[in-house]
Amino acid sequence: MDNKNKEAMPLTLKGTAILAAGLLLMVLGYVLMTGGGSDDPQVFNEAMFNARRLVVAPLVIAAGVVVEIVAIMGWFPSKRKKN
C-alpha cells in the first residue's frame, strides 16, 4: 500500500456534510408525515389523507435516501488531483 492510499480518507468532510443533509431531509419527511389522527376512533378524520402526507412526505424521504447514496458513493465533484 503506498502513501497516496493512506492519505485519502474514504469519507471526506464534504461527504459527511452531505450525509447529514440527507439525514435531515429524511427526518423532515417523517415530520411532514405526522398528525392527522383522530381522538375518537369512531370518527373518521379526512385530514390523514391529504397531499402533504401521501405525496410530499414520501418524496422528501426518497430525496433524502438519494442524497445519502450520493454522499456514501462520493458522486460529487472533488478538487483533489487524480494521479
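Analysis parameters
Every chain begins its residue count from 1, and numbering advances along the sequence as written. Thresholds applied to this predicted model are a pLDDT of at least 70 for local features of residues and 80 or more for the giving and counting of side-chain atom pairs; totals over whole chains, interfaces and linings are not thresholded and use all residues. Working from all heavy atoms in the structure, the side-chain values ignore hydrogens and water. Helical segments are the DSSP runs of H or I of at least four residues, strand segments are the runs of E of at least two, and each set is numbered from the N terminus. One fewer than the residue count of a helix, multiplied by 1.5 Å, yields its expected span. Exposed residues in this analysis have more than 50% of their type's maximum accessible area, buried residues have under 20%, and partly exposed residues fall in between, with area computed by a 1.4 Å probe over protein chains only. As used here, the arc belongs to the directions running from the helix axis to the C-beta atoms. Contacts were defined at the residue level, with two residues in contact if any of their heavy atoms lie within 4.5 Å.

Draft legend 1. Examining helix 2 (residues 13-33) more closely. Spanning 21 residues, helix 2 covers 31 Å between terminal C-alpha atoms, matching the ideal 30 Å at 1.5 Å per step. Here helix 2 has its buried residues at Gly15, Gly22, Met26 and Gly29. In an axial view of helix 2, the angular spread of the buried residues amounts to 55°, which keeps them on one side of the axis. Exposed positions of helix 2 whose direction lies more than 90 degrees from the buried face are Leu13 and Leu24. Tucked into the core, helix 2 has its buried residues touching helix 3 (51-73). Looking at the residues trailing helix 2, positive phi occurs at glycine 35, about 90°.

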